[in-house]
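Report on the structure
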Amino acid sequence: MTANHGGFTANLMASRFGWNLVAFATLSLFAAAAAHSATVDERAAAAGLVTSTDPACTSLTAFYWEIGDGVSLKASGQGGSGGSLKTINATTTIPVASATKWVFASMAVEQMQGQVTDVMAKALTMSAGYVNFNACSTAATVESCLSEPGAAGGTNGDYTPNYDGYFFYNSGHMQALGNAMGYSDDDTSDLTAATKLLPNTKRGLTWVNPQLAGGLGVSVNGYTQFLRNLINGSYTYMNPALGTHTVCTHTNGDDCPTAYYSPINNGRPGGVNNISDERWHYSLGHWVEDDPTLGDGAFSSPGKFGFYPWVDASKQWYGVLARYDVANVYNTDPQKQPYYASVQCGRKMRAAWMDPTGQGLVSKALKAQAKKS
């Protein structure tokens, strides 16, 4: 490996204070777009039924869920049981690990006013060759973290040319990018202040570690505001960038020769297909769940401890399944890893919300409510 964490081009040094702070778009447009055959009450009943009856959800540790549009929360509830946090609600503060990636990517895209260079796109799609990242100490800055010990010897900022252009899920890509974009001297306080420069993003997103791809601790309602901003136009440049610059990530088979490691498929880099054979793509700091068989095209960024935020393919609805499952992070069964388990529940809830009548879930939910009364 070669130490080369300063190798990004200088034109990424756009002013961090020159973001276009465009006011909210007319939110009545979202209300009009939300007019579908199913009512919000029907959607909520269907999603709630999934949380209380589907094994993919009832098997989880305690969680809070929320679904809304670009204006506000539309439905919420709780599910699961036990775990590190036995009660989670909208104001609970938890670390979100890889869900941080979506936030940092949004900061970067807004900073560059949507001008995503090839260098930047590579870093935000984890294809830039920085694959040796391990962790940042809490006292580090963005730059000093790159000099800390790497996963396979060397440092976090080592550049490996053989992996340049290959999808390799690793935090090093974004750490090196952030260093080149002017965040080099930033510690957690500086990063928190920088995040608040995003339009309508003033609360609940706090950096507890300077790891740009995993260092956020959030209040759940702070992150859901971030998701609303993604779909209501507050983020002028990130909204149209959702699902763009995608790279294939399927590591099993010959359909994607440029993918080396994906946590959707493999429990470890270079490992066997021990999680799933789904064929997702990766966009700018977020996944596109577009498997030809199981996918619905939603955008998401699941985190290590089970935090699962999403925006549907039409950019009309957002959702979050928030939980903090420490016990299963190192489960020997990779399919029980918290991030993957949360996806299984969360996307079933999303399907119920999107099409409650088509699945017959509304009538089942109403019958269940009638029995309780």
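See the structure shown above.
All values derive from a computational prediction rather than experimental measurement. (Residues numbered from 1 in each chain as written. Predicted model: local features only at pLDDT ≥ 70, side-chain atom pairs only at ≥ 80, totals over all residues. Heavy atoms only, no water.)

With that settled, the discussion passes to the sheet that holds strand β4 (residues 93-95). The 3 strands lie next to each other as β4-β8-β7, forming an open sheet whose pairing is antiparallel. Among the strands making up the open sheet, the edge pair consists of β4 and β7 (205-207). For this sheet, the mean angle separating the axes of adjacent strands, direction not counted, is 25 degrees. As defined by bridge partners, β7 adjoins strand β8 (residues 216-219) across 3 bridges and the pair is classed as antiparallel. Bridge assignment links W207 to a residue of β8, and that residue is L216. Along the sheet face, helix α9 (residues 220-232) touches β4, β7 and β8 and points at about 95 degrees away from the line of β8. (Pairing = 2+ DSSP bridges. Helix = DSSP H or I, 4+ residues; strand = E, 2+ residues; numbered from the N terminus. Axes fitted to C-alpha atoms, helices over the stretch in contact; angles between N-to-C directions. Contact = heavy atoms within 4.5 Å.)

Attention now moves to the sheet that holds strand β9 (residues 247-248). Pairing between sheet strands relies on hydrogen bonds along the backbone, with the strands arranged either parallel or antiparallel. Spatial ordering of the open sheet is given by β3-β2-β15-β14-β13-β12-β11-β9, a layout of 8 strands whose pairing is antiparallel. At either margin of the open sheet sits one strand with a lone partner, and together these are β3 (73-79) and β9. Most of the contacts of helix α11 (residues 338-354) go to strand β14 (residues 308-311), to which it runs at about 35 degrees, and overall it touches β2 (63-68), β3, β12 (287-289), β13 (298-300), β14 and β15 (318-322).

It is worth spelling out the nonpolar core at this point. Ranked by size, the top nonpolar core spans 88 residues in total, and within it W102, L124, Y223 and M238 carry the most contacts. Y223 has contacts with A99, W102, V103, L205, V218, F307 and P309, leaving out every residue within four places of it along the chain. (Core = buried A, V, L, I, M, F, W, Y, C linked by side-chain atoms within 4.5 Å. Buried < 20%, exposed > 50% of the residue type's maximum accessible area, 1.4 Å probe, protein only.)

Moving on, we come to the packing of aromatic side chains. If you walk through the whole model with that rule in mind, you get 18 aromatic pairs. Ring geometry for Y282 versus W287: centroids 4.9 Å apart, planes at 90 degrees, classification edge-to-face. Each of the two residues, Y282 as well as W287, counts as buried. Of the aromatic side chains, those joined through ring pairs into one cluster are W102, Y223, F226, Y235 and F307. When the ring centre of W310 is taken as origin, the NZ or CZ atom of R350, which lies over that ring, is 5.0 Å away. (Phe/Tyr/Trp six-rings, centres within 6.5 Å; stacked < 30°, edge-to-face > 60°. Lys NZ or Arg CZ within 6 Å of the ring centre and 35° of its normal.)

The analysis is restricted to geometry; functional conclusions fall outside its scope.
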